[in-house]
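# Coordinate inspection notes
Now for the letters of each chain:
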There are 2 protein chains.
Amino acid sequence: MPLPVETYTIKDIARELGISTSTVSRALRGSYEINPETKRLVMECAERLNYRPNPIALSLKGSASRAIGVILPQIANYFFSQAINGIEAIAYNRGYHVIIFQSQESYEREVANVQQSMSRKVDGLLMSLSSETSDVAHLQEVLDKNVPLVLFDRVSADLNVTKVVADNFGGAFAATEHLIQSGRRRIAHLTIQPWLSITQERLAGYRAALEKHGLEFDESLIRYGTFGPDEVGPMVDELMRHSAPPDAFFTASDRLAVGCLQALRQRNLHIPEDVSLIGFTNLNVADFLAPPLSTVVQPATEIGQVAAERLIDQIERKHRALPIETVKIPTELIVRSSTMTSSEVVKL
Amino acid sequence: MPLPVETYTIKDIARELGISTSTVSRALRGSYEINPETKRLVMECAERLNYRPNPIALSLKGSASRAIGVILPQIANYFFSQAINGIEAIAYNRGYHVIIFQSQESYEREVANVQQSMSRKVDGLLMSLSSETSDVAHLQEVLDKNVPLVLFDRVSADLNVTKVVADNFGGAFAATEHLIQSGRRRIAHLTIQPWLSITQERLAGYRAALEKHGLEFDESLIRYGTFGPDEVGPMVDELMRHSAPPDAFFTASDRLAVGCLQALRQRNLHIPEDVSLIGFTNLNVADFLAPPLSTVVQPATEIGQVAAERLIDQIERKHRALPIETVKIPTELIVRSSTMTSSEVVKL
DNA sequence: AACGTTCCCGACATCGTTTGCGCAAATTAT
DNA sequence: ATAATTTGCGCAAACGATGTCGGGAACGTT
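Read on for a plain summary of the structure. (Residues numbered from 1 in each chain as written. Chains lettered and ligands numbered in written order. Predicted model: local features only at pLDDT ≥ 70, side-chain atom pairs only at ≥ 80, totals over all residues. Heavy atoms only, no water.)

## Focus on the overall build of chain A
Per the secondary structure count, chain A includes 13 helices and twelve strands. Against the compact-globule benchmark of 20 Å for 348 residues, chain A has a radius of gyration of 26 Å, which places it well outside the compact range. Looking at chain A residue by residue over its 348 residues, the buried ones come to 55%. Taking all contacts inside chain A whose residues are at least 6 apart in sequence as the whole, residues at least 24 apart take part in 72%. (Helix = DSSP H or I, 4+ residues; strand = E, 2+ residues; numbered from the N terminus. Rg over C-alpha atoms; globule rule 2.2 N^0.38 Å. Buried < 20%, exposed > 50% of the residue type's maximum accessible area, 1.4 Å probe, protein only. Contact = heavy atoms within 4.5 Å.)

## Some details on helix H3 (residues 36-49) of chain B
Residues and elements named next belong to chain B. When the terminal C-alpha atoms of H3 are compared, their 20 Å separation across 14 residues agrees well with the 20 Å that a helix rising 1.5 Å per residue should span. Buried within H3 are the following residues: Val42, Cys45, Ala46 and Leu49. Here the buried residues of H3 occupy an arc of 100° about the axis, which is enough to place them on one side. Facing away from the buried side of H3 by more than 90 degrees, the exposed set consists of Pro36 and Glu47. (Expected span 1.5 Å × (residues − 1). Arc of directions from axis to C-beta.)

## Side note on the protein's contact with DNA strand D
Near DNA strand D lie 25 residues; those nearest to it are Thr23, Thr38 and Lys61 of chain A together with Ile10 and Ser25 of chain B. Counting only atoms of DNA strand D within 4 Å of the protein, the sugar-phosphate share comes to 58%. At 2.8 Å, a backbone N or O of Asn35 of chain A approaches a phosphate oxygen of DNA strand D. Here a base nitrogen of DNA strand D sits 2.5 Å away from a polar atom, N or O, in the side chain of Lys61 of chain A. Mapped onto the surface near DNA strand D, the elements with two or more residues apiece are helix H2 (21-28) and helix H4 (55-61) of chain A together with helix H1 (10-17), helix H2 (21-28) and helix H4 (55-60) of chain B. Partitioned by chemical class, the residues of the surface near DNA strand D number eight nonpolar, nine polar and eight charged. (Near = heavy atom within 4 Å. Polar contact = N/O pair within 3.5 Å; in protein donor to acceptor, adjacent residues only side chain to side chain. Nonpolar A, V, L, I, M, F, W, Y, C, P; charged D, E, K, R; others polar.)

## Thoughts on the relation of the copies chain B and chain A
Each copy superposes on the other: chain B lies on chain A with an RMSD of 0.3 Å after a rotation of 180° and an axial shift of 0.1 Å. The transformation just described matches what one would write down for a two-fold rotation axis. Within chain B, Leu289 of chain B has its C-alpha nearest the rotation axis, a separation of 2.0 Å. In this assembly the copies share their binding face: 100% of the residues contributing to the interface of chain B also contribute to that of chain A. (Least-squares fit on C-alpha atoms with pLDDT ≥ 70 in both.)

## Here's the deal with the sheet that holds strand E10 (residues 294-297) of chain A
Residues and elements named next belong to chain A. Strand order across the open sheet formed by six strands is E7-E6-E8-E9-E10-E12, with mixed pairing between neighbours. Looking along the sheet, the strands with just one partner apiece sit at the ends: strand E7 (222-224) and strand E12 (332-334). For this sheet, the mean angle separating the axes of adjacent strands, direction not counted, is 15°. As judged from the three bridges shared by E10 and E12, these two strands associate in the antiparallel manner. For Thr295, the partnering residue across the bridge sits in E12 and is Ile334. The sheet contacts of helix H8 (residues 168-181) involve strand E6 (187-191), strand E8 (248-251), strand E9 (276-280), E10 and E12, and relative to E9 the element is tilted by about 170°. (Pairing = 2+ DSSP bridges. Axes fitted to C-alpha atoms, helices over the stretch in contact; angles between N-to-C directions.)

## Overview of the protein's contact with DNA strand C
The local shell around DNA strand C holds 26 residues, among which Ile10 and Ser25 of chain A together with Thr23, Thr38 and Lys61 of chain B are the closest. Counting only atoms of DNA strand C within 4 Å of the protein, the sugar-phosphate share comes to 58%. The separation between a phosphate oxygen of DNA strand C and a polar main-chain atom of Ile10 of chain A is 2.6 Å. One nitrogen or oxygen atom from the main chain of Asn54 of chain A is found 2.9 Å from a phosphate oxygen belonging to DNA strand C. The set of elements that each furnish at least two residues to the surface near DNA strand C consists of helix H1 (10-17), H2 and H4 of chain A together with H2 of chain B. Across the surface near DNA strand C, the residue classes break down as eight nonpolar, ten polar and eight charged.

## A few points about the sheet that holds strand E10 (residues 294-297) of chain B
Residues and elements named next belong to chain B. Strand order in this open sheet of six strands is E7-E6-E8-E9-E10-E12, and the pairing throughout is mixed. If you trace the sheet from one side to the other, it starts and ends with strand E7 (222-224) and strand E12 (332-334), each paired once. For this sheet, the mean angle separating the axes of adjacent strands, direction not counted, is 15°. Note that strand E8 (residues 248-251) and strand E9 (residues 276-280) share four bridges and pair parallel. Within E9, the position partnered with Phe250 by the bridge is Ile278. Each of strand E6 (187-191), E8, E9, E10 and E12 touches helix H8 (residues 168-181); the most contacted strand, E9, lies at about 170° to it.

Encoded structure:
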């Protein structure tokens, strides 16, 4: 069954049948004011010609494109690629196409992506902010155009929209408390840009756990940054030169967890004998690392699914405004060898 | 600097300046038949209104969209996400937007993605075939429409287009030879769908290495499939029950490598004492696994870059046909602990 | 003074589709 | 039988931009 090469338009059908394009258009969308017999003819002809409406023309007319745009920092990241899978699953089910853009953590490219998706007339936008983004005027613009917008993971407090996030506070609290309960007292926290909501929430969870257990919050154990491959090592050195060096590392991302693991090993710091290590990560190989890495798992797929559901709900019920809320998805603490106590290590 | 909410059109500029839309259009594209002074006025007004041409309207007119479509099996895969980064880097440099679609290894969805990108009027298409794809009529259609197409990684022999692939034969040959030279004799090969070009090339490389070293090719050591998380274990069991069980595993993908590692550990088979393990993978954490995993690294980023370059070359020199060729990018064998010889293990 | 050029610019059609309006024929109501 | 509806369909405008014409004004040429 060879696919036809030509692309037929509504005009071709009209010419073929000797009727007007308006009639064809209406017949195709099942308008009540078209003779059933005519409808049948049109349908049959469209089928025969393998007619497909031109979405570009539809978009020009301003109607729905049944496509949603997804803009996120980077795809080469387990959290985000799993989130995309969640998004696609829902979107596909509900008859939407997904168009993915990467901001590459650049504000400039994020703005360009927003413009691009607006002008390509997506029906709604799903976004996770780049780490450079602090001004959200480009998103306010989206809202002003009445295009539904849902933020996930990296969200902004300045925007009154539906947001879907992991329970960052709870996850950070659990991780920190676990480290404390396994005997650690000087817990370093390696995290990303301080202005991001997830950073603040995780820091708050970390701090709350310290306070609950009567430990001092020491700003000098916190490090912010966009850690490239070669930046983690120097930072670890710096921390270990501290007069009271850390006995545990709590990292805020996939990349940081692996970077930290690598840096610690290169420096001959044994995990967990010398220092504990726990990450906020979605690495599916965490269990196979040496040592197996304790993690706070974010339900990436679920976050994507929920975000997509909320967005499509908004798109389809555009008239009556849906309530705006922030959905918090629970995280899960998985304890592996990288945070064992010294006594547990000895037992092995 | 708040971004303007309104989207202005060429008409708005025309009205503002009291001239016709045609003049505005021509002024904007610098036509020689427009008074420099008028041009200046138009430019200034466009700047002031932050005018952006509507790509939808441009697409309807049939002009270039400066967007390229990328269709690949799945993003949650190191190889593909790195390839995308390579593609984006080049595309961005040369002024193109990238629109990503996932086929999720489904033929049906691949066809839908192709149609979607055609009707969204991308200037060219970059593809890696889904594992279900054997019929390529939908791509022939793309070619017939004169839309430039470049295939990468998962390519089809039935299509006369530019292809960019890793040196799969060479990589598989090197991996297999390395296993043989480290004393292995019964090398199992876990690979993906047999009809894919990459599968065949890797199998051929494997086979050639066996022959070179006078080892028998044993079909019963080969396993094909789309291995889900729970399928690798049973397959390993089956192989190990063999009258002459394998002493090494050579896997053809990221997922297989990790799945195999997991299965072997669960079965208490020590690597590399009991069996060697080497993967065809792009895992950036391969070095931190237990044991560190020997791999054949495919230059994913480079493959993406080269593919994007070829595609854009084709798009921009559409008139004179560019030569069609298959570009082969070298792979690299990285030897780590998972393929050490027994004597090497003892030394530690 | 009458003609041909050149320079700028506007009217209009076009891409594929939807939609408001109107009009004729067929049907129903009076 | 005539008037009032209903039915079925076509015309034309619109979406935003481009491109083909062609026309008016200001020149220069005989």
